[in-house]
Amino acid sequence: GAEAADLSGFDWGGALVDESLGRTTTPCPVLHFLPDENHAVEDDVYVCPCYKTARRTGTLGTSGISTNFVLSVELPSDKEKDYWVLRGAALICSDDSE
């Protein structure tokens, strides 16, 4: 079967919520992507980075983007962006740290 991403630095409750004590990752719910022409990011979302590995590092490619970065996912939140950035909120595709 297909492997899912994990939530790191937050939990999911229909929107981003603080992670439960003692948990470092939580399985990601199914995400539905909808293409949207002339898309604008709403104020009540956190643009969450998704990385290949938990290490979250990579080398910069010719595009100027890390080779470990996959995409950004807009997730609803009632907190400011900085709140989630300081917690390292991200989606992680693999627990492999290499």
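Definitions and cut-offs
- Residues numbered from 1 in each chain as written.
- Predicted model: local features only at pLDDT ≥ 70, side-chain atom pairs only at ≥ 80, totals over all residues.
- Heavy atoms only, no water.
- Buried < 20%, exposed > 50% of the residue type's maximum accessible area, 1.4 Å probe, protein only.
- Helix = DSSP H or I, 4+ residues; strand = E, 2+ residues; numbered from the N terminus.
- Pairing = 2+ DSSP bridges.
- Salt bridge = Lys/Arg side-chain N within 4 Å of Asp/Glu carboxyl O.

Our next topic: the pairing of strand S5 (residues 45-53). Most of S5 sits out of view: seven of its nine residues are buried. Both S5 and strand S6 (residues 69-76) contribute to a ladder of seven bridges, which runs antiparallel. Among the inter-strand pairings, tyrosine 51 is bridged to a residue of S6, identified as phenylalanine 69. Judged from the three bridges that link them, S5 and strand S7 (residues 90-94) form a sheet pairing that is parallel. Bridged to tyrosine 51 within S7 is isoleucine 92.

Time to look at the pattern of salt bridges. Enumeration over the complete set of coordinates arrives at two salt bridges. Across the pair aspartate 18 and arginine 87 runs a salt bridge, and its minimum N-O distance is 3.8 Å. Here arginine 87 lies in the loop between helix H1 (81-86) and S7 and aspartate 18 lies in the loop between strand S3 (16-17) and strand S4 (25-27), a separation of 69 residues in the sequence. When its relative accessible area of 38% is taken as the criterion, aspartate 18 is described as partly exposed. With a relative accessible area of 38%, arginine 87 lands in the partly exposed category. Connected through shared salt-bridge partners, Asp18, Lys79 and Arg87 make up one network.

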